[in-house]
Amino acid sequence: MNKRLLIVALLLFSFSLHAQQKLLSPKEFLGYELGEHFTRHHRVVEYFKHVADALPNVEFYQYGETYERRPLVYVVVTAPENFQNLEQIRLNNLKRAGMAEGAPSADKKAIVWLSYNVHGNEANSTEASMLTLYELSNPQNQKTQEWLKNTVVILDPCLNPDGRDRYTNFYNQYGNTPPNGDEDSNEHNEPWPRGRSNHYMFDLNRDWAWATQTETQARLKIYNQWLPHVHVDFHEQGHNHPYFFPPAAEPFHDIISNWQREFQVTIGKNNAKHFDEHGWLYFTKEVFDLYYPSYGDTYPTYSGAIGMTYEQGGQTGVTVTTEEGDPLTLKDRLTHHHTTGLSTVEVTSQNYTRVVDEFEKYFRDNLNNPAAPYKTYVIKGTNNPDKIEQLTKWMDTHSIRYGHPAAGKATRGFDYQTQTTSSVSVSTDDIIINIYQPKSRFITAVFEPQSHLSDSLTYDITAWNLMYANNLKAFALNERINVGKAYTPKVVESPAIASKPYAYIFKYQGIKDVAFLAALIQKGVKVRSSEKAFTIHGQSFDRGTLLVTRRNNENIAEFDNTVQTLARGMGRTIYTATTGFVESGKDFGSGSMNYLKAPKVALLFGKETSSLSAGEIWYFFEQQLHYPIVTLGTDYFKYVPLSKYDVFIIPEGRYSSLDEKFLEKISGWVAAGGKLIVIADGLNSFADKKGFGLKSYTTDDEKEKAEKKQKEIDEQEALTRYEDADRKQISNFIGGAIYKIALDNSHPLAFGLSNTYYSLKTNELHFGYLEGGWNVGALKGKVKPVQGFAGKHANDKLANSLVFGVEEKGSGEIIYLVDNPMFRCFWEDGKMLLSNAVFIVGQ
């Protein structure tokens, strides 16, 4: 017997011994039949550990931890003879993708990744994961053991443990005994914020690309170490819908390969075969498209996989009665997901050679012949170093390659600042990202100036460009420029620090500067903000610059050490002044150098608020600014004396609780010195109300024009065909598009920003300019997006409208943010607007 056969024999013998240790089914392990109850996360983890302990060809891993300290785990299962070569299989796959050096061996194994329960209250899929793991790993199941001879399967039982346990605990507490199928029963109606989102109420199925959340960050490290060939993201939809599996709906992004389209059909047909055997209903090619790059189907697709969403009707308790009068049970739902999970492994195994070959071809095309028109993206080295650092770290997260060119070059390209093609001078300090690399198509998806939208009926936003999110000086080129040298961060100037200076000076240009301001404030350091630009000691500083004077900080023990240590620890450049007498601008004792009082901030939180919007702000304060924020519940906030707080933030939401009496109260609080910040559709509760200057378009002239226009539209649409109803509606819809906003950056709301702001507009709200207020951000004249889809009628209504405004009222201010600058917390320039509203405006 040769050495290899001996190893396999020993492994099989070990497998037999492990099997004798008794692999338990989920029912045997949990003590109940799957589908009778929702299983809490810790028990799911224990079952996955049990299977790995019982069998030598199943490996259990913990890859991270949630904000609430629940483990993030996955298992790898394959045939015993593959298991000894598992690391080699993984490395071979990365070599095929060009992500590891060297040539792969001839041995081919398909890799399937099954991701469950990214939305916590779509809770059946975690139950299904246990049954699927059992059947895949069970030595007595001859079918699955045959599939595993050429396939490696990775199962992540729950991408969102915090949200799922929130839902599971709710249902286990309030579920009827026996379960009640009436959809009106409390057991089918979760309280705010529901279990869908994670701890900070982020939708993790919108975070794959932006990687803001700890769960996503941990998962991406593992995902990019494997790069599976097939990835399934298991979901639930409304309980009156049957099952969805691919092929997906249009729009497909142009970068998706023909093979990826083709094999979706192959998988769909195999799923259909199994569903047809049972008479189960399903649909394909509707609703769920492949466009927005941050889903659990599109991110894998743009990374070479066959990425798919599977949607089971549900989002309810153990049983619910559908509109047809039939019971839909948890057992039914998990069985359907279990069936498609095994079906996907089956059909991948049957086609494993082509699956691997096409995967390799996908990356070979990326490396040698990418089809996208823009071949190189240039980020100028003159951009804010913090923004460059932020973006390079983000690219590292996604294994995107970048660097500096070997030499300068004069060329032409698309200018993101002007949206025109112009001359470009590429320098050796610039950052080059060309698409001749493994992550080619993902790079195109997030950076291309325009994305072709084959169908405007899409499931999510239609624009997300990070060049605009960061407002970078950048260019897209049609020619290839190679990286000539590794990226090195620009050396930050280190001015000499005066001994016992009159004042410390810090530039204010981005979120890291805001976080530094927040840290200073919490140390008890008194800080000022310059309302005007100034020059001192030959150095120019822009408006918004932070001043820390020795005067007024005499009570800080070891003042110089405190400020310098904090600044160095947070990577801030320290400038010093030996006098308060400036060469131009206002002196340090001027009234234009505004003292920044430490604000006590409250956030409206709870029912009626958008949990996503409230969560974005909560996360931003706690995880990025590290500044305290009080969350006031909507069920009791009216009884809280607002005089305790300096700032009150009202996130997106639909508010019946903001009645006339409370609006009068809050108007008085503002007049007495409070600062109210209202975001997006939260503004509807304040527009046209007594005590508030926000007005809808209601002037007689505007109303007459609008009525005339609407009459024309109505006449045209009166004969709309029934089949075109959806398309008629989207003419008034903005599908998450980017608009170029004129910004008054002399106003404190816009400190640290340029005079142009790119706003990700996710609503159709439009209000008139403030009369007697500050129209800091505005859309002027006729407008259209610089990127993304917006219906014609929606665009017409945005002409000459307010985007960001400040109303001064008595001793306080009201900040109106028509667009949500915190949307999904990846729009970096937007964070400055909220930060300025909290810390700078009105001080």
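Residues numbered from 1 in each chain as written. Predicted model: local features only at pLDDT ≥ 70, side-chain atom pairs only at ≥ 80, totals over all residues. Heavy atoms only, no water.

**Notes on the overall build of the chain**
How we decide: Labels follow the DSSP assignment, with helices taken as runs of H or I lasting at least four residues and strands as runs of E lasting at least two, numbered in each case from the N terminus. The size measure is the radius of gyration over C-alpha atoms, and the globule rule it meets is 2.2 Å times the number of residues to the 0.38 power. Any two residues whose heavy atoms approach within 4.5 Å are treated as being in contact. Residue burial considers only the protein chains on display, and all accessible areas are found by Shrake-Rupley using a 1.4 Å probe. Counted as positive: Lys and Arg. Counted as negative: Asp and Glu, with His and the chain ends omitted from the count. Working definition for charges: the position is that of NZ of Lys, CZ of Arg, CG of Asp or CD of Glu.
Along the backbone of the chain there are 24 helices and 35 strands. For the chain, the C-alpha radius of gyration of 29 Å lies close to 28 Å, the compact-globule estimate for 843 residues. Projected onto its principal axes, the C-alpha coordinates of the chain cover approximately 90 × 65 × 60 Å. In the chain, 78% of the contacts between residues at least 6 apart in sequence involve partners at least 24 apart. Total accessible area on the chain is roughly 33,600 Å²; 49% of this is exposed by carbon and sulfur atoms. Between the mean site of the 88 positive side-chain charges and the mean site of the 99 negative ones, the chain shows a separation of 6 Å.

**Side note on the nonpolar core**
Put simply, the test is: Only buried Ala, Val, Leu, Ile, Met, Phe, Trp, Tyr and Cys residues count toward a nonpolar core, and they belong to the same one when joined by side-chain atoms within 4.5 Å. Burial status follows relative accessibility: with a 1.4 Å probe on protein chains alone, a residue under 20% of its type maximum counts as buried, one over 50% as exposed, and anything between as partly exposed.
Within the largest apolar cluster, 151 residues are counted, with the highest numbers of intra-cluster contacts made by Trp 226, Ile 433, Phe 447, Phe 621, Ile 649, Ile 677 and Phe 839. Element by element, the count of residues in this core is highest for helix H17 (residues 511–522), at nine residues. If you look at the next biggest cluster of nonpolar residues, it comprises 58 residues, including Leu 23, Tyr 47, Ala 110 and Ala 272.

**Some remarks on the pattern of salt bridges**
So the rule is basically this: Salt bridge, as applied in this entry: a Lys or Arg side-chain nitrogen positioned within 4 Å of an Asp or Glu carboxyl oxygen.
Across all of its chains, the model carries 39 salt bridges by this definition. Between Lys 331 and Glu 33 there is a salt bridge, and its shortest N-O distance comes to 3.9 Å. Of this pair, Lys 331 sits in helix H12 (residues 330–350) while Glu 33 sits in the loop between helix H2 (26–30) and helix H3 (41–54), placing them 298 residues apart in sequence. Here Glu 33 falls in the partly exposed class, since its relative accessible area comes to 30%. Between Glu 127 and Arg 164 there is a salt bridge; the shortest N-O distance is 2.7 Å.

**Quick look at the packing of H17 against helix H19 (residues 611–625)**
Quick note on the threshold: Each axis is a line fitted through C-alpha atoms, and for a helix only the stretch in contact is used; angles between axes span 0 to 180 degrees, taken between their N-to-C directions. In what follows, roughly perpendicular refers to angles from 65 to 115 degrees, roughly parallel to angles under 35, roughly antiparallel to angles over 145, and oblique to any angle outside these ranges. Ten residues, namely Ala, Val, Leu, Ile, Met, Phe, Trp, Tyr, Cys and Pro, are considered nonpolar, four, namely Asp, Glu, Lys and Arg, are considered charged, and the remaining ones, Gly among them, are considered polar.
Packing of H17 against H19 brings their axes to within 10 Å, and their N-to-C directions diverge by 80°. Our classification of the angle between H17 and H19 gives roughly perpendicular. Of H19, the residues touching H17 (which contributes Ile 511, Val 514, Ala 515 and Ala 518) are Phe 620, Gln 624 and Leu 625. Looking at the contact of H17 with H19, its residues break down into six nonpolar, one polar and no charged.

**Observations concerning the pairing of strand E18 (residues 474–477)**
For clarity, the cut-off: Two strands form a pair only when DSSP identifies at least two bridges running between them.
Residues Ala 474 and Ala 476 point to one face of E18 and Phe 475 and Leu 477 to the other, with burial holding for every one of them. Where strand E13 (residues 376–379) and E18 come together, four bridges link them in antiparallel fashion. Across the sheet, the residue bridging to Thr 376 is Leu 477, located in E18. Bridging between strand E15 (residues 409–415) and E18 involves two bridges; their strand directions are antiparallel. From the neighbouring strand, Asp 415 faces E18, where its bridge partner is Phe 475.

**Points about the sheet that holds strand E26 (residues 593–596)**
With antiparallel pairing, five strands are arranged side by side in an open sheet as E25-E20-E24-E21-E26. Strands at the two margins of the open sheet, each flanked by one partner only, are strand E25 (575–577) and E26. Between one strand axis and the next, the sheet turns by 30° as a mean value, whatever way the strands run. Where strand E21 (residues 527–530) lies against E26, four bridges are found, and the strand directions are antiparallel. Each bridged residue has a counterpart across the sheet, and for Ser 530 the counterpart in E26 is Met 593. Packing against the sheet, helix H18 (residues 559–569) makes contact with strand E20 (503–506) and strand E24 (546–549), and its axis sits at approximately 10° to E20.

**Some thoughts on the environment of Tyr 32**
Which entries qualify depends on this criterion: Counting of polar contacts relies on pairs of N or O atoms within 3.5 Å, with two restrictions inside protein: one atom must be capable of donating a hydrogen and the other of accepting it, and residues adjacent in sequence are counted only when both atoms are side-chain atoms.
Within the secondary structure, Tyr 32 sits in the loop between H2 and H3. By relative accessible area, which is 17% here, Tyr 32 ends up buried. Measuring from C-alpha to C-alpha, the distance between Tyr 32 and His 199 comes to 29 Å, with 167 residues separating the pair along the chain. The contacts of Tyr 32, once residues within four sequence positions are left out, are Pro 26, Lys 27, His 37, Phe 38 and Thr 39. Within polar-contact distance, the side chain of Tyr 32 engages the side chain of Thr 39 at 2.7 Å.

**Structural notes on the packing of aromatic side chains**
Condition: Only centres within 6.5 Å qualify two rings of Phe, Tyr or Trp (six-membered ring in Trp) as a pair; their planes then separate them into stacked at under 30 degrees, edge-to-face at over 60, and tilted for everything else.
Applying the stated criterion across every chain, the model contains 62 aromatic pairs. On the numbers, 6.1 Å between centres and 25° between planes, the contact of Tyr 74 with Trp 113 is stacked. Of the two residues, Tyr 74 is situated in strand E2 (residues 71–77) and Trp 113 in strand E3 (residues 110–115); the sequence distance between them amounts to 39 residues. For the pair Tyr 74 and Trp 113, one class covers both residues: buried. With a centroid separation of 5.0 Å and an interplanar angle of 85°, the aromatic rings of Phe 275 and Trp 280 are classed as edge-to-face.

Everything listed here is a matter of geometry and, on its own, says nothing about what the molecule does.
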